[in-house]
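# Reading the structure
Now for the letters of each chain:
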Amino acid sequence: MGRPKQDGLLYFSFDTDFFYADKRIKRVQTKFGNDGLIIYVYLLTEIYRNGYYISWDEESAEDTAADLSLKEGFIEQVLTYLRGRSLLTLRTLSTGVTIITSPGIQKRYQEAVKSRKRDIYVDAEIWLLNYEETATYIKVTGNESKSCGNESKSCGNESKSCGNDIKES
(Lines give C-alpha, C1' and ligand atoms only; values in the text may rest on other atoms or scores of the structure.)
Protein backbone atom coordinates (compact mmCIF):
# COMPACT_ATOMS: atom_id res chain seq x y z
CA MET A 1 0.00 0.00 0.00
CA GLY A 2 1.42 3.37 -1.00
CA ARG A 3 1.92 6.37 1.16
CA PRO A 4 -1.09 8.73 1.22
CA LYS A 5 -0.83 11.88 -0.88
CA GLN A 6 0.16 14.99 1.02
CA ASP A 7 0.27 18.61 -0.04
CA GLY A 8 2.80 19.74 2.52
CA LEU A 9 6.45 18.91 2.85
CA LEU A 10 8.21 16.83 5.49
CA TYR A 11 11.26 19.06 5.10
CA PHE A 12 12.40 21.95 2.95
CA SER A 13 15.77 23.21 1.79
CA PHE A 14 17.38 25.72 4.11
CA ASP A 15 20.46 27.35 2.65
CA THR A 16 23.61 27.27 4.75
CA ASP A 17 24.24 30.88 3.81
CA PHE A 18 20.77 31.94 5.04
CA PHE A 19 22.28 34.67 7.23
CA TYR A 20 24.64 36.02 4.55
CA ALA A 21 23.16 35.58 1.07
CA ASP A 22 20.20 37.94 1.42
CA LYS A 23 20.69 41.36 2.96
CA ARG A 24 16.99 41.46 3.80
CA ILE A 25 17.55 38.65 6.33
CA LYS A 26 20.41 40.56 7.95
CA ARG A 27 18.16 43.62 8.18
CA VAL A 28 15.43 41.60 9.90
CA GLN A 29 17.99 40.43 12.45
CA THR A 30 19.37 43.94 12.92
CA LYS A 31 15.92 45.46 13.42
CA PHE A 32 14.20 42.70 15.45
CA GLY A 33 17.02 40.50 16.72
CA ASN A 34 16.81 36.74 16.77
CA ASP A 35 13.10 36.92 17.61
CA GLY A 36 12.46 38.48 14.18
CA LEU A 37 14.35 35.67 12.48
CA ILE A 38 12.57 32.96 14.44
CA ILE A 39 9.20 34.40 13.39
CA TYR A 40 10.25 34.21 9.73
CA VAL A 41 11.59 30.64 10.07
CA TYR A 42 8.47 29.62 12.04
CA LEU A 43 6.21 30.97 9.28
CA LEU A 44 8.24 29.14 6.63
CA THR A 45 7.89 25.85 8.50
CA GLU A 46 4.15 26.36 8.92
CA ILE A 47 3.75 27.21 5.24
CA TYR A 48 5.77 24.24 3.97
CA ARG A 49 4.14 21.87 6.46
CA ASN A 50 0.82 22.75 4.80
CA GLY A 51 2.01 23.27 1.21
CA TYR A 52 2.82 26.63 -0.34
CA TYR A 53 0.72 29.03 1.78
CA ILE A 54 -1.07 29.36 5.12
CA SER A 55 -4.26 31.12 6.13
CA TRP A 56 -3.64 34.08 8.41
CA ASP A 57 -6.09 35.65 10.84
CA GLU A 58 -6.21 36.91 14.41
CA GLU A 59 -6.13 33.35 15.78
CA SER A 60 -3.06 32.54 13.68
CA ALA A 61 -1.29 35.56 15.12
CA GLU A 62 -2.30 34.51 18.65
CA ASP A 63 -1.12 30.94 18.07
CA THR A 64 2.19 32.12 16.65
CA ALA A 65 2.73 34.45 19.60
CA ALA A 66 1.93 31.65 22.05
CA ASP A 67 4.12 29.09 20.26
CA LEU A 68 7.10 31.46 20.22
CA SER A 69 6.43 33.14 23.60
CA LEU A 70 6.30 36.55 21.94
CA LYS A 71 3.78 39.37 21.99
CA GLU A 72 1.17 39.41 19.24
CA GLY A 73 1.92 43.06 18.47
CA PHE A 74 5.56 42.15 17.89
CA ILE A 75 4.52 39.35 15.52
CA GLU A 76 2.48 41.86 13.49
CA GLN A 77 5.40 44.36 13.40
CA VAL A 78 7.75 41.73 12.06
CA LEU A 79 5.14 40.52 9.58
CA THR A 80 4.67 44.06 8.28
CA TYR A 81 8.44 44.41 7.93
CA LEU A 82 8.76 41.07 6.09
CA ARG A 83 5.97 42.12 3.72
CA GLY A 84 7.66 45.46 3.09
CA ARG A 85 10.87 43.65 2.11
CA SER A 86 9.02 41.18 -0.18
CA LEU A 87 10.01 38.20 1.95
CA LEU A 88 6.32 37.42 2.49
CA THR A 89 3.14 38.31 0.63
CA LEU A 90 -0.24 38.67 2.33
CA ARG A 91 -3.24 38.32 0.02
CA THR A 92 -6.93 38.52 0.68
CA LEU A 93 -8.72 36.02 -1.54
CA SER A 94 -12.15 36.46 -3.10
CA THR A 95 -13.51 34.33 -0.23
CA GLY A 96 -12.27 36.91 2.29
CA VAL A 97 -9.57 34.58 3.66
CA THR A 98 -6.12 36.13 4.07
CA ILE A 99 -3.14 33.97 3.21
CA ILE A 100 0.64 34.24 3.53
CA THR A 101 2.95 33.06 0.74
CA SER A 102 5.53 34.61 -1.61
CA PRO A 103 7.06 33.94 -5.01
CA GLY A 104 10.24 32.70 -3.30
CA ILE A 105 8.27 30.30 -1.11
CA GLN A 106 6.44 28.97 -4.14
CA LYS A 107 9.68 28.51 -6.11
CA ARG A 108 11.18 26.48 -3.26
CA TYR A 109 7.95 24.48 -2.90
CA GLN A 110 7.93 23.73 -6.62
CA GLU A 111 11.54 22.53 -6.43
CA ALA A 112 10.82 20.38 -3.36
CA VAL A 113 7.88 18.56 -4.97
CA LYS A 114 9.72 17.93 -8.25
CA SER A 115 10.63 14.37 -7.27
CA ARG A 116 7.01 13.36 -6.61
CA LYS A 117 5.75 11.04 -9.31
CA ARG A 118 2.53 12.97 -9.90
CA ASP A 119 1.23 16.34 -10.94
CA ILE A 120 0.83 18.91 -8.17
CA TYR A 121 -2.35 20.99 -8.28
CA VAL A 122 -2.26 24.57 -6.99
CA ASP A 123 -4.92 27.25 -6.73
CA ALA A 124 -4.73 29.98 -9.40
CA GLU A 125 -5.92 32.61 -6.92
CA ILE A 126 -2.96 31.84 -4.63
CA TRP A 127 -0.20 30.83 -7.08
CA LEU A 128 2.03 33.86 -7.72
CA LEU A 129 4.47 32.49 -10.28
CA ASN A 130 3.85 33.28 -13.92
CA TYR A 131 3.70 30.69 -16.69
CA GLU A 132 7.44 30.82 -17.46
CA GLU A 133 8.35 30.32 -13.79
CA THR A 134 5.88 27.48 -13.21
CA ALA A 135 7.17 23.95 -13.83
CA THR A 136 5.19 21.63 -16.09
CA TYR A 137 4.29 19.28 -13.22
CA ILE A 138 2.57 22.15 -11.39
CA LYS A 139 -1.04 22.37 -12.57
CA VAL A 140 -2.66 25.69 -11.75
CA THR A 141 -6.38 25.20 -11.28
CA GLY A 142 -9.25 27.53 -10.60
CA ASN A 143 -12.18 29.14 -12.29
CA GLU A 144 -11.39 28.59 -15.98
CA SER A 145 -14.43 30.61 -17.06
CA LYS A 146 -12.80 33.92 -16.11
CA SER A 147 -11.67 36.15 -18.91
CA CYS A 148 -7.92 36.45 -19.03
CA GLY A 149 -6.77 40.00 -18.61
CA ASN A 150 -3.66 39.12 -16.60
CA GLU A 151 -1.10 37.70 -18.99
CA SER A 152 1.29 36.81 -16.16
CA LYS A 153 -1.03 33.91 -15.28
CA SER A 154 -0.66 32.38 -18.75
CA CYS A 155 -3.96 32.13 -20.47
CA GLY A 156 -2.44 30.02 -23.22
CA ASN A 157 -2.35 26.92 -21.02
CA GLU A 158 -5.87 25.56 -20.54
CA SER A 159 -5.06 24.28 -17.05
CA LYS A 160 -4.22 27.75 -15.79
CA SER A 161 -6.63 30.51 -14.92
CA CYS A 162 -6.21 34.16 -14.30
CA GLY A 163 -7.23 35.05 -10.74
CA ASN A 164 -8.19 38.66 -11.49
CA ASP A 165 -10.26 39.06 -8.32
CA ILE A 166 -7.34 39.01 -5.89
CA LYS A 167 -6.90 41.95 -3.55
CA GLU A 168 -3.38 42.36 -2.25
CA SER A 169 -3.20 43.69 1.29
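Keep in mind that this is a model prediction, so the values were computed, not measured.

### Describing the side chain of Q106
- Within the element layout of this structure, Q106 appears in helix α5 (residues 103-112).
- Taking relative accessible area as the criterion, Q106 reaches 0% and is therefore assigned buried.

### Some thoughts on the packing of aromatic side chains
- Here the structure, examined in full by the defined rule, presents five aromatic pairs.
- Note on Y52 and Y53: the rings are 5.0 Å apart at their centroids and 65° apart in plane angle, and the pair reads as edge-to-face.
- Between Y52 and Y109 the ring centres are 5.4 Å apart and the planes differ by 45°, which places this aromatic pair in the tilted class. Residue Y52 is found in the loop between α2 (23-50) and β1 (54-55), and its partner Y109 is found in helix α5; the two are separated by 57 residues along the sequence.
- When its relative accessible area of 7% is taken as the criterion, Y52 is described as buried.
- The class for Y109 is buried, based on a relative accessible area of 2%.
- Across the ring face of Y81, the terminal group of R85 is positioned such that the distance to the ring centre comes to 3.9 Å.

### Some points on α5
- Within α5 the residues assigned to the buried category are I105, Q106, Y109 and Q110. The buried residues of α5 occupy an angular sector of 135° when the element is viewed end-on, so they sit on one face.
- The elements touched by buried residues of α5 are α2, β3 (98-101), β4 (120-123) and β5 (138-141).

### Things to note about the nonpolar core
- In this structure, Y40, L43, W56, L88, I100, W127 and I138 are the most contacted members of the largest nonpolar core, which totals 43 residues.
- Elements with a contribution of two residues or more to this core: α2, α3 (58-68), α4 (72-84), β3, α5, β4 and β5.
- A per-element tally of this core places α2 first, with 11 residues.
- The contact partners of L88, leaving out residues within four places of it in the chain, are Y40, L43, L79, L82, R83, I100, T101, S102 and I105.

### A closer look at the side chain of T92
- Tracing the backbone through its elements, the reader meets T92 in strand β2 (residues 89-92).
- A polar side-chain atom of T92 sits 3.4 Å from a polar atom in the side chain of T98.

### A look at a negative patch on the surface
- Together, D57, E58, E59, E62, D63, D67 and E76 make up a region of like negative charge exposed at the surface.
- Looking at which element gives the most residues to the negative patch, the answer is α3, with five residues.
- Its location among the elements puts E76 in helix α4.

### Focus: the confidence of the model for the chain
- In the predicted model, the chain carries a mean pLDDT of 82, and the fraction of residues at 70 or more is 76%.
- Predicted confidence in the chain is weakest over strand β6 (residues 167-168), with a mean pLDDT of 43, and strongest over β3, with 98.

The rules behind the values
Residues numbered from 1 in each chain as written. Predicted model: local features only at pLDDT ≥ 70, side-chain atom pairs only at ≥ 80, totals over all residues. Heavy atoms only, no water. Helix = DSSP H or I, 4+ residues; strand = E, 2+ residues; numbered from the N terminus. Buried < 20%, exposed > 50% of the residue type's maximum accessible area, 1.4 Å probe, protein only. Phe/Tyr/Trp six-rings, centres within 6.5 Å; stacked < 30°, edge-to-face > 60°. Lys NZ or Arg CZ within 6 Å of the ring centre and 35° of its normal. Arc of directions from axis to C-beta. Contact = heavy atoms within 4.5 Å. Core = buried A, V, L, I, M, F, W, Y, C linked by side-chain atoms within 4.5 Å. Polar contact = N/O pair within 3.5 Å; in protein donor to acceptor, adjacent residues only side chain to side chain. Patch = residues over 30% accessible without salt bridge, like charges linked within 9 Å, V, L, I, M, F, W, Y side chains within 5 Å. Areas by Shrake-Rupley, 256 points an atom, 1.4 Å probe, with all protein chains shown as cover. Salt bridge = Lys/Arg side-chain N within 4 Å of Asp/Glu carboxyl O. Lys, Arg positive; Asp, Glu negative; His and termini not counted. Charge placed at Lys NZ, Arg CZ, Asp CG, Glu CD. pLDDT = per-residue confidence, 0-100.

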